Amino acid sequence: MLDKYKSSTVYQIYIKSFCDSNGDGIGDLNGIRSKLPYIKSLGVDYIWITPFFCSPMVDNGYDVSDYRNVNPMFGTMEDCEALIREADALGIGLMFDMVFNHTSSKHEWFRKALAGDPEYMDYYIFRDGDKDTPPTEWAASFGTGAWDYVPSLGKWYLHLFAPEQPDLNWENPKVREELKEVIRFWKGKGVKGFRFDVLNLISKPESLSEPKTGSAVRFCKDGRHVHEFIREMVTDTGIEDMITVGEMASTTLENCIRYSSPASHELSMCFNFHHLKVDYKDGDKFSLMPPDLKMLRDYFKEWQEGMAKTDGWSAVFWCNHDQPRIVSRFGDEGQYWKESAKMLGTFVHFLRGTPYIYQGEELGMTNAHYTSIDQYDDVEAINYYNILLKRGQSQAEALNVLAQRARDNSRTPMQWTAGENAGFTTGKAWLGIPENYTSINAESEESDSESILNYYRQLVKLRKEYPVISEGSIEFLETGNVYVMAYERRLGSEHLVVICNFSGQDQTFTGIALHGEVLIGNYSGSHKMMKPYEAIVMLVK
Ligand code: GLC
Ligand code: CA
C-alpha cells in the first residue's frame, strides 16, 4: 500500500448542502466544480463526496436505487466526469461513497425480491414468520424495529437502518460480485479512492433469531466474515493501492488494526466513533450530558497509542454529516468561538492518522439552532422527536435535545458569503441556514489573516512539511489537569508537543517542560498558564 495518505488531508463534501449551481436550492456536482479552487486553496489532497447516486432520498442518498447513475437532482454523468477531470487537473483525488451494507427498497434487486424472484430474494435477508411475530425484537438505528413484514411473501426482511434500506446478504457470492462491479465502474471513471458506509456491519451472525432483543448494530458489527469479505472486495477490484476508508460502527481497536494493517490487504484506514459518544448519557445519543473529558482522553490515549504500536492507521476527525458541529459541542459558540474552533482543529490535525475536514468546519460553522420540528429534515431527527415525546418529554425538551444532537446540525448549507442565502443558492435552500452566516462565512474569513479558515490552511500545510506529524510515534502526556490534554510526537530527532485547553477558563498544568519553538498556536505569548481554549504546538529542541 502507498503511504501517501499519511501526509494527506481529506475534505468531506455533503453534496446537498455544499453549493447549488442552478437555483433549485439543492447543492450539486456543478456547484462542487465551481468551488474546486476554494478546495484547492485549503491544500487538501482528496475530496470525499457523500452519495449522489440515484436514490429516493429517504436517508439523503444513503439509500441507493442505482449505484451507477447520477441522481438528476445532483446533475448528470457528464457533470460527474467533468468534476473528476477538473479535480484531477488540480491534483485532487475524488473518493466516492459506497453504500454497500444495504440498498434502497426501490433498487431493482429489492423490487425483484418483493415480486418473489428467489434469485433476488437471496440478495437480501428474509426470514419466515407470521405477521405479528418478527424473528427478533432487534432495534434498527433510526428508532424503528429492524424487521419489516412483506405480506405477499409471508416473510420479514432485515434492515439495520430505515425500513427503506434493506440489508444486503453478503453471504451470497453474487451480491459480492455485483458490488465489485460497482467499484470497477467508478474506478474506470478515474475515481481515486472510496469511503465505505457502515462497512463493519456487512457480515451478519449465523443465527438471526438470537438474542431476542437489543440493538441490531451491536449484534452485526465486526461479524464473522467481515475481514474476508473486505479483503476479497479490495483485492478483486485492485483498489488496494488507492485510498480507502471504512466507516466502522461500534468497533474495537483490534478489529480496526486488522482492517487497516497493510498485511491484511483490507483498507487504508478506518473511522470509529467512540470519541463522539463521550457526551451520550448512559450511551444514549438522545440523552444529554456535558462531554466527559476524562473519557475523551482515555479514548485517544488507548486508540492512538494502540494503533501506533502496529502499522494500523486511523482516519481522525471531529465532524461529518452525522455529527453535530464540534465548535458547538466541545467548544464555545460565543466569546471563544474562534479560539475553541482553532484549538479543536489543532488537537485533531497533529494526531497520528489522516485528518478529515467536514465542509464548514474550517469556517467554524455552528449548529443550526432550529426551534421548530418543521425545520428538521432528517428521518432520524423526526423519529426521535416522536420517541422523546412518547417518553414523556415536552416539545420544548425534545427540541432542545434535537438542537444539540440532530444530524441536521451539520447538514445546513455551506456559508459562503454574508449575502442572500449565504451565497449557497439563488433560490430557496432545501434546509434552513443558521442566522450567523452574516458573520461566519468563507468570504469574510478569506480576508482575515487570523481566521479559522486561514488557520486550517496552516494545519494542512504543516502535515506536509513535518514528517513527524505524518509518520511519528505518539504518546499522551500527564498534565495533572483534566481540561488540559497533551501529547507528543517523535520521529528521529524531531519532537513535537501539543497542548490543548478544552475549557473556557485559564488552566495550569504540570509535568511538561517546554523549550523550543512554537510551531502553531491560537494565542501569542507565554505558556505557563493555558488561556481559555488555548492550543499550542511546540517543536522541542
Ligand atoms: C452511515 C452514514 C449515515 C447513514 C447510515 C446508513 O452512518 O454516514 O449518514 O444514515 O450510514 O447508510
Ligand atoms: Ca442544484
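Look above for the structure.
A brief look at the structure comes next.

The rules we used
- Throughout, a residue's number is its position along its own chain's written sequence, starting from 1.
- The naming scheme follows written order: chains are lettered A onward, ligands numbered 1 onward.
- Since the coordinates come from a predicted model, pLDDT governs what is reported: local features require at least 70, and pairs of side-chain atoms require 80 or more to be given and counted, while whole-chain, interface and lining totals use all residues.
- Hydrogens and water molecules were not included; the side-chain quantities draw on all heavy atoms of the structure.
- What counts as a helix is a DSSP run of H or I of at least four residues, what counts as a strand is a run of E of at least two, and both are numbered from the N terminus.
- A simple rule labels every residue: compare its accessible area, found with a 1.4 Å probe on the protein chains alone, to the largest value its type can have, and call it buried under 20%, exposed over 50%, or partly exposed in between.
- The contact definition used throughout considers only heavy atoms, calling two residues in contact when any of these lie within 4.5 Å.
- What sets the accessible areas is the Shrake-Rupley method with a 1.4 Å probe; for residues, cover comes only from the shown protein chains.
- A positive count includes Lys and Arg, and a negative count includes Asp and Glu. His and the chain ends are not counted in either.
- To locate a charge, take NZ of a lysine, CZ of an arginine, CG of an aspartate or CD of a glutamate.
- Any residue with a heavy atom lying within 4 Å of a molecule or strand is counted as near it.
- Within 3.5 Å is the distance limit for a polar contact, defined as a pair of N or O atoms, with the added protein rule that one can donate a hydrogen and the other accept it, and that residues adjacent in sequence qualify only through two side-chain atoms.
- Gly counts as polar in this scheme, as do all residues outside two lists: the nonpolar Ala, Val, Leu, Ile, Met, Phe, Trp, Tyr, Cys and Pro, and the charged Asp, Glu, Lys and Arg.
- In this description, a disulfide is simply a cysteine sulfur pair whose atoms lie within 2.5 Å.
- Ring pairs are drawn from Phe, Tyr and Trp, using the six-membered ring of Trp, whenever the two centres fall within 6.5 Å, and their geometry is named by plane angle: stacked under 30 degrees, edge-to-face over 60, tilted for the rest.
- Lysine NZ or arginine CZ positioned within 6 Å of the ring centre and within 35 degrees of the ring normal marks a charge as sitting over the ring.
- Just to be clear on terms, a salt bridge is a Lys or Arg side-chain nitrogen sitting within 4 Å of an Asp or Glu carboxyl oxygen.
- Note: metal donors comprise N, O and S atoms at 2.8 Å or less from the metal (3.2 Å for Na, K and Ca); water molecules are not included, so apparent gaps in a site are possible.
- In a helix, the anticipated span is given by 1.5 Å times the number of residues less one.
- A strand pair is defined by DSSP finding two or more bridges across the two strands.
- In this description, a line fitted to the C-alpha atoms serves as the axis of each element, helices being fitted only across the stretch in contact, and the angle between N-to-C directions of two axes falls anywhere from 0 to 180 degrees.

**Considerations on the overall build of the protein chain**
Here is step 1: Counting its secondary structure elements, the protein chain contains 18 helices and 22 strands.
Here is step 2: Seen through its C-alpha atoms, the protein chain measures out along the principal axes to roughly 75 × 50 × 50 Å.
Here is step 3: Among the 541 residues that make up the protein chain, the fraction classed as buried is 61%.
Here is step 4: Partitioning the contacts of the protein chain with sequence separation of at least 6, the portion at a separation of at least 24 is 70%.
Here is step 5: Total accessible area on the protein chain is roughly 19,800 Å²; 50% of this is exposed by carbon and sulfur atoms.
Here is step 6: With 56 positive and 77 negative side-chain charges, the protein chain shows a separation of 3 Å between the mean positions of the two kinds.

**Examining the site of ligand 1**
Here is step 1: Taken together, 14 residues lie around ligand 1, and Asp59, Asp197, Glu247, His321 and Asp322 are the ones closest in.
Here is step 2: Within the side chain of aspartate 197, a nitrogen or oxygen atom sits 2.7 Å from an oxygen atom of ligand 1.
Here is step 3: Contact with the protein chains hides 96% of the accessible area of ligand 1, taken as 310 Å² for the molecule alone.
Here is step 4: Here the residues of the shell around ligand 1 are counted per class, giving 4 nonpolar, 3 polar and 7 charged.

**Focus on the state of the cysteines**
Here is step 1: Tallying each qualifying case throughout the model produces 0 disulfides.
Here is step 2: No disulfide involves cysteine 256; its nearest neighbouring cysteine sulfur is the one of cysteine 270, lying 4.0 Å away.
Here is step 3: Judged by relative accessible area, cysteine 256 falls into the buried class, the value being 1%.
Here is step 4: Here cysteine 500 is not cross-linked by a disulfide; its sulfur's nearest cysteine counterpart is in cysteine 319, at 15 Å.
Here is step 5: Overall, the relative accessible area of 0% leaves cysteine 500 in the buried class.

**Description of the packing of aromatic side chains**
Here is step 1: In the structure shown here, the tally under the stated rule is 42 aromatic pairs.
Here is step 2: Taking the centre distance of 5.1 Å and the plane angle of 75° together, the rings of phenylalanine 18 and tryptophan 416 count as edge-to-face. Here phenylalanine 18 is found in the loop between strand E1 (10-13) and helix H1 (29-34), whereas its partner tryptophan 416 is found in the loop between helix H15 (408-411) and helix H16 (442-446), with 398 residues between them in sequence.
Here is step 3: When the centroid spacing of 5.3 Å and the interplanar angle of 45° are considered together, the rings of phenylalanine 476 and tyrosine 487 count as tilted. Placement of the pair is phenylalanine 476 in strand E16 (residues 473-477) and tyrosine 487 in strand E17 (residues 484-491), with a sequence separation of 11 residues. Residue phenylalanine 476 shares its accessibility class with tyrosine 487, and that shared class is buried.
Here is step 4: Taken together, Tyr299, Phe300, Trp303, Trp318, Phe330, Phe347, Phe476, Tyr487 and Phe502 form an aromatic cluster joined through their ring pairs.
Here is step 5: A cation over a ring is seen here: lysine 6 above tryptophan 313, with NZ or CZ 4.7 Å from the ring centre.
Here is step 6: Cation over ring: lysine 16 sits above tryptophan 430, and NZ or CZ is 3.7 Å from the ring centre.

**Looking at the pattern of salt bridges**
Here is step 1: Tallying each qualifying case throughout the model produces 36 salt bridges.
Here is step 2: In this structure, the salt-bridge partner of aspartate 128 is lysine 155, at a minimum N-O distance of 2.4 Å. Placement of aspartate 128 in strand E6 (residues 126-128) and of lysine 155 in strand E9 (residues 155-158) is noted, with a sequence separation of 27 residues between them.
Here is step 3: Relative accessible area serves as the criterion here: at 21%, lysine 155 is assigned to the partly exposed category.

**Comments concerning the coordination of the calcium ion (ligand 2)**
Here is step 1: Note on the calcium ion (ligand 2): its protein donors are Asp20 (OD), Asn22 (OD1), Asp24 (OD), Ile26 (O) and Asp28 (OD). The metal-donor distances range over 2.2 to 2.4 Å.
Here is step 2: Donor residues for the calcium ion (ligand 2) sit on one chain with the sequence pattern D-x1-N-x1-D-x1-I-x1-D.

**Some thoughts on helix H13 (residues 379-390)**
In an α-helix, one turn spans 3.6 residues, which is why side chains three or four residues apart end up on the same side.
Here is step 1: When the terminal C-alpha atoms of H13 are compared, their 17 Å separation across 12 residues agrees well with the 16 Å that a helix rising 1.5 Å per residue should span.
Here is step 2: Of the residues making up H13, those classed as buried are Val379, Glu380, Ala381, Tyr384, Tyr385 and Leu388.
Here is step 3: On its buried face, H13 sits against helix H14 (395-405) and H15.
Here is step 4: Within two residues after H13, glycine 392 carries a phi angle of roughly 105°, on the positive side.

**Quick notes on the sheet that holds E6**
Here is step 1: Overall, antiparallel pairing links the 3 strands, which are arranged E6-E9-E8 in an open sheet. Unpaired on one side and paired on the other, E6 and strand E8 (147-150) mark the two borders of the sheet. The average angle at which neighbouring strand axes cross in this sheet is 35°, direction not considered.
Here is step 2: In this sheet, E9 lies alongside E6 in antiparallel orientation, the contact comprising 3 bridges. In the strand pairing of E9, aspartate 128 is matched with lysine 155.

**Describing the side chain of glutamate 380**
Here is step 1: Within the secondary structure, glutamate 380 sits in helix H13.
Here is step 2: Contacts of glutamate 380, omitting those with residues within four sequence positions, involve Ser141, Phe142, Lys285, Phe286 and Arg407.

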